[in-house]
Amino acid sequence: QFDITELDLPDILGTIHEEVRARFGEGKVANYIDALAHVPLDQFGMALVTREGHVFEVGDSREAFSIQSISKVHTLTMALDAVGDALWERVDREPSGDPFNSLIQLEYEKGIPRNPFINAGALVVADVILSNYDKPEEALLKFMRARSGSEDVGGDEVVAKSERESGYRNIATANFIRSYGNIKNDVDAVLDLYFLQCSLRMNCVELARSVSYLAGKGRCNVSGEQVVSWQLATRINSLMMTAGTYDAAGDFAFYVGLPAKSGVGGGIVAVVPHVMSLCVWYPGLDDQGNSILGRFALHRFAQMTGLSVF
Ligand code: GLN
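Note that the structure is a prediction, hence the values are computed from the model and not measured.

Asker: In this structure, what is going on with the packing of helix 3 (residues 71-83) against helix 6 (residues 136-148)? I would like to understand it.
Answerer: Helix packing geometry: the angle between the two helix axes and the distance between the axes. Two numbers describe how helix 3 lies on helix 6: the axes approach to 11 Å, and their chain directions differ by 110°. Between helix 3 and helix 6, the angle is such that the two are roughly perpendicular. Two packed elements cross with a definite hand, and for helix 3 against helix 6 that hand is right-handed. Within the contact between the two elements, helix 3 uses His74, Thr75 and Met78 and helix 6 uses Ala139, Leu140, Phe143, Met144 and Arg147. Within the contact of helix 3 with helix 6, the residues separate by chemical class into five nonpolar, two polar and one charged.

Quick look at the structure:
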């Protein structure tokens, strides 16, 4: 068991902040929608929530941003809660090695996405939520608010609308999966839920809190609820490790060594099982669509603290 009381966390966060600031401007913001294309590259936030619920934060950690694919962790949790292992008949658990929005493997694998964290997998997960929750959109918001401890969490209508207007590839993916029968609901309803989850706005502190259950044997330290079993928390972490950062998952395992999930808004959540959950945010992305300085910050954090699942 790692004793984090030996670490000077404020000092470590301060050092990371300085190092990141010296590199402001690196990477490219996601430009497929206007709302993301103009986010300035001089913002960085980082927050961590210890198992005991203590928060350490630095920089723009209270600035809300578009969480995008980070939401795939939360929707996966909701789907597993509803249908359990039956989910694995519809989504696989292998890293894809392809970009997050790739369609190529879907044809070979007859509409079964490689994992729940690429877009194809998240669309099937959204379909499962639609089939199993009475009011899926409300259920998603309720889940996010309870996990983050913030009633302010909500969708950004402008983002959701432009996701839809520019969503040719997601629309194609959903229809392609539907053609194999692995989406059961109306494709537009599935896409609406998916675009809503992508459009949620949260800050680093809220996001770090929102995955505290993955660091706490399934128990959320915001609400005190047992969200999932210990075993399930472990399994979700394993999927984040192998697929949470898409075709850079190997690189993340190598340089960071922690389960992580990224989004094209520049946020990345990470988990140190039994110890803490974290979130970093910097809007500039690398070629795989992961925050370039967010990855660097997590790498430096792992290096300076020695925290790693390996
Ligand atoms: N809205 C983005 C998409 O569907 C989310 C992708 C991401 O964050 N990696 O393409």
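Here the narrative resumes.
Asker: Can you walk me through the nonpolar core in this structure?
Answerer: Taken as a class, soluble globular proteins show a tendency for nonpolar side chains to be buried jointly. One finds Leu123, Ala208, Val269, Cys279 and Val280 to be the most contacted residues of the largest nonpolar core, which totals 96 residues. It is helix 5 (residues 119-132) that provides the largest number of residues to this core, a total of eight residues. Once residues lying within four places of it in the same chain are set aside, the contact partners of Val280 are Met46, Cys204, Ile268, Ser291, Gly294, Ala297 and Leu298.

Asker: Teacher, can you tell me more about the confidence of the model for the chain here?
Answerer: Detailed reading of the predicted model is not advised wherever pLDDT is low. Scored by pLDDT, the chain comes out at a mean of 97, with 100% of its residues at no less than 70. In the model output, the complex is listed with pTM 0.97 alongside ipTM 0.96.

Asker: Help me understand the domain arrangement of the chain in this model?
Answerer: Put simply, an interface is often sized by how much accessible area is lost when its parts join up. By domain assignment, the chain separates into domain 1 (4-66 + 203-305) and domain 2 (69-200). Computed from C-alpha coordinates alone, the two centres of domain 1 and domain 2 are separated by 21 Å. Listed by partner, the interface residues are 32 residues for domain 1 and 34 residues for domain 2. Listed by contribution, the elements that provide at least two residues to the side of domain 1 that touches domain 2 are helix 2 (34-37), helix 10 (204-210), helix 12 (230-243), strand 6 (260-262) and strand 7 (267-272). In terms of residues, the side of domain 1 that touches domain 2 owes the most to one element, helix 12, which gives six residues.

Asker: Quick question: what am I supposed to make of the site of the ligand here?
Answerer: All residues in the neighbourhood of the ligand are listed as Gln68, Ser69, Phe100, Asn101, Asn119, Glu163, Asn170, Cys198, Gly263, Val264 and Gly289. Class assignment of the residues belonging to the shell around the ligand gives a composition of three nonpolar, seven polar and one charged. For the shell around the ligand, the two domains that each supply at least three residues are domain 1 (4-66 + 203-305) and domain 2 (69-200).

Asker: Would you take a moment to explain the packing of helix 6 against helix 9 (residues 187-199) for this structure?
Answerer: As a packed pair, helix 6 and helix 9 sit with axes 10 Å apart at the nearest point and diverge in direction by 20°. Classified by the interaxial angle, the pair formed by helix 6 and helix 9 is roughly parallel. The way helix 6 lies across helix 9 gives a crossing that is right-handed. Contacts between helix 6 and helix 9 pair Pro136, Glu137 and Leu140 from the former with Leu193, Leu196 and Gln197 from the latter. Residue composition of the contact of helix 6 with helix 9, by class: four nonpolar, one polar and one charged.

Asker: How should I be thinking about helix 3 in this particular structure?
Answerer: Note on helix geometry: an α-helix contains 3.6 residues per turn, so any two residues three or four positions apart are oriented the same way. Between the first and last C-alpha of helix 3 there are 18 Å, a value that for 13 residues agrees with the 18 Å anticipated at 1.5 Å per step. Of the positions making up helix 3, those classed as buried are Ser71, Lys72, Val73, His74, Thr75, Leu76, Thr77, Met78, Ala79 and Leu80. Backbone geometry just after helix 3 places Gly84 at a positive phi near 60°.

Rules behind the numbers
Residues numbered from 1 in each chain as written. Predicted model: local features only at pLDDT ≥ 70, side-chain atom pairs only at ≥ 80, totals over all residues. Axes fitted to C-alpha atoms, helices over the stretch in contact; angles between N-to-C directions. Helix = DSSP H or I, 4+ residues; strand = E, 2+ residues; numbered from the N terminus. Parallel < 35°, antiparallel > 145°, perpendicular 65-115°, else oblique. Left-handed = near helix turned anticlockwise from the far one by under 90°. Contact = placed C-beta atoms within 7 Å. Nonpolar A, V, L, I, M, F, W, Y, C, P; charged D, E, K, R; others polar. Core = buried A, V, L, I, M, F, W, Y, C linked by C-beta atoms within 7 Å. Buried ≥ 20, exposed ≤ 12 C-beta atoms within 10 Å, placed from the backbone. pLDDT = per-residue confidence, 0-100. Domains from an automatic or database assignment. Near = placed C-beta within 6 Å. Expected span 1.5 Å × (residues − 1).

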